[in-house]
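# Chains, contacts and geometry: an overview
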Amino acid sequence: MRFSSLTDRIRGDRVAAWDIHFAAWTAKGRGEDVIVLSVGDPDFDTPAPVRDAAIAALHAGDTHYTPIPGRPELRAALARDVARRTGLPVEPENVIVCAGAQNGLFNATLCLVEAGDEVLVPEPMYLTYEACVRASGATLVPVAPDAATLRLDPVALAAAVTPRTRAIFLATPANPTGIVMSAEELEAVADLARRHDLWVVADEVYASLTFDRTHIGIATLPGMAERTVTINSLSKSHAMTGWRAGWVVAPAPLVAHMGTLALCMLYGLPGFVQQAALVAVEQGDEAVAAMREGYRRRRDIALEALGSVPGLRCLKPEAGMFMLVDVRGTGLPTMEFAWRLFRETGVSVLDAGAFGPAAAGCVRLSFAVGEAELAEACRRIAAFVTGLA
């Protein structure tokens, strides 16, 4: 049987990086002593008022079709919330509700770029960006960061622009590094976008989980609201990964196009999910603040436990639920390090090389487990590395 060329465009090494995670979940399902640090699925519970809203909606019979771009009351609430946070004049027609940030990213990509276009993406990059861009037919152009810090290299980004460049994708705060882009870094991106008439797709899923640097939305910079597509969700901020509740904020004409595409790829997010999302948005920052402080404590636990282990170098994250650890000092290739660590200690981490060559030699570990379990995982990692020496 034959398949379309799309199937070749969307596969690759970045997808294979998840093999160790799937193996860990299988082992955990068998009851083995496994600590999964290979995925960013929060261990916190979705806030009770949010769950209760969904349950009430279900009991009320909210199980039918909904408006394709999202219910008016949810779009309005999201517009108000974004306007409050950014100071931008955001209206409901600037918002489309999606089945998680990933769905929004895929939809926006297909509406923005096509074969013959180029998309610049600073490394390290989230694993699914490549497949989204290649699914559209466009070419992803990775941009190497500053080698020492893994932060944006504005000179390298400017040098990557060609007449075929149509968009820049960026994540701030970033997965996998936890880096929060500074005002100067964002202005460098904005300057390129304005001068070359480019779209900027800003993944801001971790914007509410910052520790050491204030998040700035690139859409707030002069001349950027009309060319910025901001993607967000409740997955990480409210521990709602399984709800698939996300949204995109963009110029109204793009939102209209995305609604047309959503007609044939989603046909509206379930109503009871939207009712839960509405409560989460209107609830304010209380639940988010508790989770943010929880991740900050976990980051500090991991840094304290692994920061002085010979052979390891921790890259301190400024936000989010992940940390990169450079393991080249152990003498093991990264993939071998990850698999041996899992087989010998039961701790699963990801080979961060899948996020791009800039992260080669590093593994990514998650803070999405309880503090005691994270401390035990770090103890096992330290003992494993010490045993190698």
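Provided above is the structure to which this section pertains.
The shown structure was predicted, so the numbers you read here are calculated from the model rather than taken from an experiment.

A word on the pairing of strand S2 (residues 95-98). Residues of S2 alternate between two faces, with Val95 and Val97 on one and Ile96 and Cys98 on the opposite face, all of them buried. Note: S2 against strand S8 (residues 246-249), four bridges, orientation antiparallel. Looking across to S8, one finds that Val97 is bridged to Trp247.

This brings us to unusual backbone geometry. For the bond from Glu123 to Pro124, the omega torsion is -10°, close enough to zero to count as cis. Of note, Pro124 is situated in the loop between strand S3 (118-122) and helix H7 (129-136). The omega torsion of the bond from Thr172 to Pro173 falls at -5°, within 30 degrees of zero and hence cis. One non-glycine residue, Ala239, lies in the positive phi region at around 55°. Note on placement: Ala239 falls in the loop between strand S7 (228-233) and S8. Since its relative accessible area comes to 8%, Ala239 is described here as buried. Even without a glycine there, the phi angle at Tyr267 is positive, about 60°.

Mapped onto the secondary structure, Leu315 falls in strand S9 (residues 313-315). Each C-alpha atom, one on Leu315 and one on Thr149, is 8.3 Å from the other, the two residues being 166 residues apart in sequence. Setting aside residues no more than four positions away along its own chain, Leu315 makes contact with Leu150, Met323, Leu324 and Asp326.

We now examine the pattern of salt bridges. For the structure on display, the rule yields 25 salt bridges. Close ionic contact of Glu318 with Arg151 constitutes a salt bridge, the shortest N to O distance being 3.3 Å. Of this pair, Glu318 sits in the loop between S9 and strand S10 (322-326) while Arg151 is found in the loop between strand S4 (139-143) and helix H8 (154-159), placing the two residues 167 residues apart along the sequence. Across the pair Glu187 and Arg194 runs a salt bridge, and its minimum N-O distance is 2.4 Å. Under the relative-accessibility criterion, Glu187 is labelled partly exposed at 30%.

Reading guide: rules and limits
- Residues numbered from 1 in each chain as written.
- Predicted model: local features only at pLDDT ≥ 70, side-chain atom pairs only at ≥ 80, totals over all residues.
- Heavy atoms only, no water.
- Buried < 20%, exposed > 50% of the residue type's maximum accessible area, 1.4 Å probe, protein only.
- Helix = DSSP H or I, 4+ residues; strand = E, 2+ residues; numbered from the N terminus.
- Pairing = 2+ DSSP bridges.
- Contact = heavy atoms within 4.5 Å.
- Salt bridge = Lys/Arg side-chain N within 4 Å of Asp/Glu carboxyl O.

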